[in-house]
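Below are the chains, spelled out letter by letter.
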Amino acid sequence: MNAVSLAGLRDQLRSGRSALAESWRARPVASRYLARHAALVDGVLAALCERLHLPAGVCLAAVGGYGRGELFPGSDVDVLLLLDAEPDANDRVKLEAWVRACWDIGLEIGHSVRTVAACLAETADITVETNLLEARYLWGRRALYTEFERRFRARFDPRAFFEGKLAEQAARHARYDDSAYKLEPNIKDSPGGLRDLHTVHWLAQACAIPAGWAGLVRAGLITEAEARHIAREERTLATLRIHLHLLAGRRDDRLAFDYQTELATRLGLAATPHRRAGERLMQGYYRAAKLVQRANDILIQSLRVRLFPVTGAPEIVDSDFQVRGKLLEMRAPDLFEREPGALLRAFMAYAQHPELASFEPATLRALWRGSTRIDAAFRANPAHRGLFMALLRQPAGITRALRAMHRYGLLGRYIPAFGRVVGQMQHDLFHIYTVDEHILTVLRNVRRLTVPALAHELPLASQLMADFDKPELLYLGALFHDIAKGRGGDHSELGAADARRFCRQHGLPAEDIDLVAWLVEMHLVMSRTSQKEDISDPDVIAAFAARVGSVRRLVALYLLTVADIRGTSPKVWNAWKGKLLEDLYRAARARIEGGRAEDIHAKQTEARVNLALYGLPADAADALWKQLDARYFVRYDARDLAWQARMLWRRADTATPVVRARLSPAGEGIQVLVYAPDRADIFARICGFFARIQYTILEAKIHTTQHGYALDSFQVMDLANRGIHYRDFLAFVEHELARDLDPAQPVQPPPRGRLSRHQRHHPYPTTVRIETDAAGGAMLTITCADRGGLLFAVAETLMRHDLGVYAAKIDTLGERVEDTFLIRGNRLNTAAGRAALENDLRAALA
């Protein structure tokens, strides 16, 4: 075939695709685009076969998505070249020329060349078998295609195929952490994506049900209304995918940040006062994905029962429910219509029977349909309110029951405020879940504290949970703590009002209502205090204890705070944050219970005992300690005092920097001690060193002795978890940091880090706040997107303004930082000096 003939087909394909894109922009109907694109490619392939004179015994078939007549803009064109016999050399040349020609004219084909027998042999691979299940004749010897189809159907094993597809789906979901709520989900393969709907169609075919939602309606598995609902969400996903391919100019099934705003614009979604256009787009996607997951669950269960009938007598649970084959089923098909309260009792039974795998298909469908019966009258019914509170008071199964209620659409109906946050993303650079998923994850974390087998994870929290008198109040706090996000205003205050109203409606005593509402309103206070303020300061502890007021409230707030932080992202929680919260809890409890502040002399005595264990004389710490003020002894416990004194024994007047490192007593990261003649650039040098080796400073305690030495302590961590061998690393830090502190060496700035794609597309505002105190110092608070070298930029700016740092807390929340510095210096005494500092910090952080 000559180049001119190929050029004509290339132009036909290109112009046809351009016309389709124009038609799509004018009227975006997914089914029409997909069918017309498949028909366009059908014609081009048939013409190519004719012009290249393929061998006489060849048959061309479309397979995969192209086989079912759906071709997305960037999808591969999957084809099968069927042969009646193995090709000879001459036939191979013709077949290879045909494949090259496909690529030359712009068709990205995925092809296989096989005899019928070879095709059937490959069906042991579930992916190949699925592709062949959707085969469609295109061109060539039809009798050969008919033979292939007959033999394929004859050896098709529906049960093996069913099990294989379920295993494949489970593996696919696992690749995406079994979550439909990723920040950048894959619109095709993520849970709740198009592939979940394809799987239902394939399994329906295995059960001899014609493809399509209409076939499932005729089979009695869904109603016409449900079929329309599912088809609508299928169109939503298909429309998004077509837009995405056309926008990217290639196959790209990930709803990346780069595309979300433009996709929202193309779909006519504008920003609102409280949400970006991209966030509205993603909430629509997440809600569609949620329905797809629900349909996938229900229909696969229904199809499984058809193919694998459950036998044996049922086990009676009560007058309304029974168990058959580890599935809970209603005993009467009209149960939920007669008794709407049974909707809640179903989940009570599900919680009470941990051996249950799920609900029986007819019961699942009835739950889904019955969710609409949960209206204002249902919610106002005292019996229903009692049932919901009884569910929260179950000793086990609460999390899975509430997750099932959420999955099948009942939780958002029972708590309408929860329904409003379903699928609502949080682009704050540290939450990785939608609001609804985060809430349920926090609830799960609270529940985990009741499991004795998991007590080793958080011993103190587990013990406190075991002693807490009404754990259902903590579950309510978890359910409502973020429920008002996205409304504008303070979500803690708005959520507290929702919680108070809900608890009052559900008949809780006044003191319990007050506790839940207070928990929701104060749920951020303990984390902010522990991570931003100096919790070794007795005044900070006194102020926090006064806000809390009672031990019961303190325990509840501590438990909810631990669960909340652990529920934002796996990257946010670490042992250091756990220690800060525990230290704050213990100090506040001692204050509330009337305990006295820890005596400095008692600390020193305990530290001397510790030093004696190492064979040091009784006066080993005196040379150092006489140079330090009371604030130093307040900020460290006796073990830290002893370690620092031992490291600096006989070095109180050293002329060279001393750097010592050890594994952190917190259980994660390392603790670094720096002692050197004080200079303005020490803090900047230390920050630069750790930034260059990609370690994160979590906390800095900085002191200046009376004889002019800097005594600084740092908690640092490798947030990337690179698995560095700590013995060698400690020696490296001690040697290299001491060399960097040599005043003869220039200050080495670290490389400036780049913002991530998430940060670029969802920029987080930089805030700089300076609050002066009566003593002439100030608290500097910085909140901004994280990047490499950021802390060094702050330290260098403070150095240029001749300001000293005497404490720092660095709180990294995913890709966001909230850093607090206690600083002092003459520049802070004037408004002009503070304004200049703020401007220079903003410039350094830009």
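The shown structure was predicted, so the numbers you read here are calculated from the model rather than taken from an experiment.

**Student:** Hey, could you run me through the overall build of the protein in this one?
**Tutor:** Scanning the protein for helices and strands turns up 39 helices and 16 strands. Along the first, second and third principal axes, the C-alpha set of the protein runs to 100 × 75 × 55 Å. For the protein, with 846 residues in total, the buried portion stands at 55%. Roughly 35,500 Å² of accessible area belongs to the protein as shown, and the carbon and sulfur atoms make up 51% of that amount. Looking at the protein, you have 113 positive and 102 negative side-chain charges, and the mean spots of the two groups are 3 Å apart.

**Student:** Help me out: how do you make sense of the side chain of histidine 703 in this one?
**Tutor:** In this fold, histidine 703 is placed in strand β11 (residues 696–704). Within the local environment of histidine 703, its side chain forms a polar contact with the side chain of arginine 635, the two groups lying 3.5 Å apart. Not counting chain neighbours up to four residues away, the residues in contact with histidine 703 comprise Arg631, Tyr632, Arg635, Tyr636, Tyr709, Ala710, Leu711 and Asp712.

**Student:** In this structure, what is going on with the pairing of β11? I would like to understand it.
**Tutor:** Taken residue by residue, a regular strand's side chains alternate between the two faces of the sheet. Burial runs high along β11: seven of the nine residues are buried. Of the strand pairs in this sheet, β11 and strand β12 (residues 709–717) are connected by eight bridges, and their pairing is antiparallel. Across the sheet, the residue bridging to lysine 701 is serine 713, located in β12. The turn linking β11 back onto β12 is made up of four residues, and glycine 708 within it adopts a positive phi angle of 85°.

**Student:** Quick question: what am I supposed to make of the sheet that holds strand β6 (residues 321–324) here?
**Tutor:** Strands pair in a sheet through their backbones, by hydrogen bonds, and they do so in one of two ways: parallel or antiparallel. Taken together, the four strands give an open sheet; going across it, the order is β5-β6-β7-β8, and neighbouring strands pair in mixed fashion. Here the strands that pair on one side only, and so sit at the sheet edges, are β5 (315–316) and β8 (358–359). Relative to β6, β5 runs antiparallel, the two sharing two bridges. Within β6, the position partnered with isoleucine 316 by the bridge is glutamine 322. Against the sheet, helix α16 (residues 361–370) touches β7 (327–330) and β8, its axis set at about 65° to β7.

**Student:** Just checking my understanding: could you explain the sheet that holds strand β4 (residues 136–140) for this structure?
**Tutor:** Reading across from one edge, β3-β2-β1-β4 is the order of the four strands in this open sheet, with mixed pairing throughout. Looking along the sheet, the strands with just one partner apiece sit at the ends: β3 (109–115) and β4. Strand-to-strand, the axes of this sheet are offset by a mean angle of 25°, without reference to chain direction. In the sheet, strand β2 (residues 77–83) pairs with β3 via seven bridges, with the strands oriented parallel. From the neighbouring strand, leucine 83 faces β3, where its bridge partner is threonine 115.

**Student:** Hey, could you run me through the packing of helix α27 (residues 525–532) against helix α30 (residues 575–592) in this one?
**Tutor:** Packed helix pairs are specified by the crossing angle of their axes together with the interaxial distance, meaning the distance between the axes. Two elements in contact, α27 and α30, have axes separated by 9 Å at closest approach and are oriented at 105°. As the angle between them shows, α27 and α30 are arranged roughly perpendicular. For the pair α27 and α30, the contacting residues are Met526, Ser527, Thr529, Ser530 and Gln531 in the first and Lys577, Leu580, Leu581, Leu584 and Tyr585 in the second. Taken together, the residues of the contact of α27 with α30 sort by class into five nonpolar, four polar and one charged.

**Student:** Could you clarify how one ought to interpret the pattern of salt bridges in this entry?
**Tutor:** Side-chain pairing between opposite charges can occur once the charged atoms of the two side chains come close. Evaluated as defined, the whole model comprises 52 salt bridges. Notably, a salt bridge pairs arginine 338 with glutamate 339, separated by 3.4 Å at the nearest N-O pair. Taking relative accessible area as the criterion, arginine 338 reaches 45% and is therefore assigned partly exposed. Relative accessible area serves as the criterion here: at 29%, glutamate 339 is assigned to the partly exposed category. Here the salt bridges share partners, and the residues they tie into one network are Asp320, Asp334, Arg338, Glu339 and Arg345.

**Student:** So what exactly am I meant to see when it comes to the environment of threonine 311 here?
**Tutor:** Mapping threonine 311 onto the fold places it in the loop between α13 (277–307) and β5. C-alpha separation for the pair threonine 311 and asparagine 574, spaced 263 residues apart in sequence, amounts to 49 Å.

**Student:** Can you help me understand the state of the cysteines in this one?
**Tutor:** Note: disulfide means a covalent bond formed between the sulfur atoms of two cysteine side chains. A full pass over the atoms with the stated rule returns zero disulfides. A disulfide-free cysteine, cysteine 49 has its sulfur positioned 7.2 Å from the sulfur of cysteine 102, the nearest such atom. There is no disulfide at cysteine 119, and the cysteine sulfur nearest it, in cysteine 59, is 10.0 Å away.

**Student:** Could you clarify how one ought to interpret the packing of aromatic side chains in this entry?
**Tutor:** Each aromatic ring pair is characterised by the separation of its centres together with the angle its planes make. The full count for this structure, using the stated rule, is 26 aromatic pairs. When the centroid spacing of 5.9 Å and the interplanar angle of 35° are considered together, the rings of phenylalanine 152 and phenylalanine 156 count as tilted. On the accessibility criterion, phenylalanine 152 (3% relative accessible area) is buried. For phenylalanine 156, a relative accessible area of 13% gives the class buried. Considering the side-chain rings of phenylalanine 162 and phenylalanine 308, the 5.8 Å spacing of their centres and the 75° angle between planes classify their relative orientation as edge-to-face. Residue phenylalanine 162 is found in helix α8 (residues 158–175), and its partner phenylalanine 308 is found in the loop between α13 and β5; the two are separated by 146 residues along the sequence. Take phenylalanine 162 and phenylalanine 308: they sit in the same class, and that class is buried. Taken together, the ring pairs in this structure connect Tyr137, Tyr145, Phe148, Phe152, Phe156 and Phe161 into an aromatic cluster. Residue placement shows arginine 646 over the ring face of tyrosine 614; its charged tip is 3.8 Å from the ring centre. Here lysine 701 stacks its cationic end above the ring of tyrosine 636, 4.8 Å away from the centre of that ring.

**Student:** Can you walk me through helix α4 (residues 89–104) in this structure?
**Tutor:** Since one α-helical turn is 3.6 residues long, residues separated by three or four positions face the same way. In a regular helix each residue adds 1.5 Å, so 16 residues correspond to 22 Å; α4 covers 23 Å between its end C-alpha atoms and thus fits that length. When we look at burial in α4, the residues that qualify are Leu95, Trp98, Val99, Ala101 and Cys102. An end-on view of α4 places all buried positions within 160° of arc, on one side of the element. Turned more than 90 degrees off the buried face of α4, the exposed positions are Val93 and Arg100. A distance of 3.2 Å separates the backbone nitrogen of asparagine 90 from a side-chain oxygen at the start of α4, and that oxygen is part of aspartate 88. Phi turns positive one or two residues past the end of α4, at glycine 106, with a value near 105°.

**Student:** Before we go on, may I ask you to explain the environment of glutamate 163 in this structure?
**Tutor:** Within the secondary structure, glutamate 163 is located in helix α8. Taking the relative accessible area as the measure of exposure, glutamate 163 reaches 37% and is therefore partly exposed. With 12 residues separating them in the primary sequence, glutamate 163 and arginine 175 have C-alpha atoms 19 Å apart. Excluding residues within four positions of it along the chain, glutamate 163 makes contact with Arg304 and Phe308.

**Student:** I would appreciate a short explanation of the nonpolar core in the present structure.
**Tutor:** Among soluble globular proteins, nonpolar side chains are generally buried collectively. Within the largest apolar cluster, 210 residues are counted, with the highest numbers of intra-cluster contacts made by Leu45 and Trp98. The biggest single contributor to this core is α13, with 15 residues. Leave out the neighbours within four places in its chain, and tryptophan 98 touches Leu45, Leu48, Cys49, Leu52, Leu54, Leu60, Val79, Leu81 and Ile109. If you look at the next biggest cluster of nonpolar residues, it comprises 50 residues, including Cys687, Ile702, Ala738 and Leu837.

**Student:** What exactly am I supposed to notice about the packing of helix α18 (residues 382–392) against helix α19 (residues 398–407) here?
**Tutor:** Relative orientation of the contacting elements α18 and α19 amounts to 135°, with a least axis distance of 9 Å. Classified by the angle between their axes, α18 and α19 sit oblique to one another. Residues Phe388, Leu391 and Leu392 of α18 lie in contact with α19, whose contacting residues are Ile398, Ala401, Leu402 and Met405. Its residues placed into classes, the contact of α18 with α19 shows seven nonpolar, no polar and no charged.

**Student:** Which parts of the structure should I look at to understand the side chain of aspartate 681?
**Tutor:** In this structure, aspartate 681 sits in the loop between β10 (670–677) and α35 (682–692). Relative accessible area serves as the criterion here: at 13%, aspartate 681 is assigned to the buried category. In contact with aspartate 681, other than residues within four places in its own chain, are Val747 and Met799.

Rules used in this analysis
Residues numbered from 1 in each chain as written. Predicted model: local features only at pLDDT ≥ 70, side-chain atom pairs only at ≥ 80, totals over all residues. Heavy atoms only, no water. Helix = DSSP H or I, 4+ residues; strand = E, 2+ residues; numbered from the N terminus. Buried < 20%, exposed > 50% of the residue type's maximum accessible area, 1.4 Å probe, protein only. Areas by Shrake-Rupley, 256 points an atom, 1.4 Å probe, with all protein chains shown as cover. Lys, Arg positive; Asp, Glu negative; His and termini not counted. Charge placed at Lys NZ, Arg CZ, Asp CG, Glu CD. Polar contact = N/O pair within 3.5 Å; in protein donor to acceptor, adjacent residues only side chain to side chain. Contact = heavy atoms within 4.5 Å. Pairing = 2+ DSSP bridges. Axes fitted to C-alpha atoms, helices over the stretch in contact; angles between N-to-C directions. Parallel < 35°, antiparallel > 145°, perpendicular 65-115°, else oblique. Nonpolar A, V, L, I, M, F, W, Y, C, P; charged D, E, K, R; others polar. Salt bridge = Lys/Arg side-chain N within 4 Å of Asp/Glu carboxyl O. Disulfide = S-S within 2.5 Å. Phe/Tyr/Trp six-rings, centres within 6.5 Å; stacked < 30°, edge-to-face > 60°. Lys NZ or Arg CZ within 6 Å of the ring centre and 35° of its normal. Expected span 1.5 Å × (residues − 1). Arc of directions from axis to C-beta. Core = buried A, V, L, I, M, F, W, Y, C linked by side-chain atoms within 4.5 Å.

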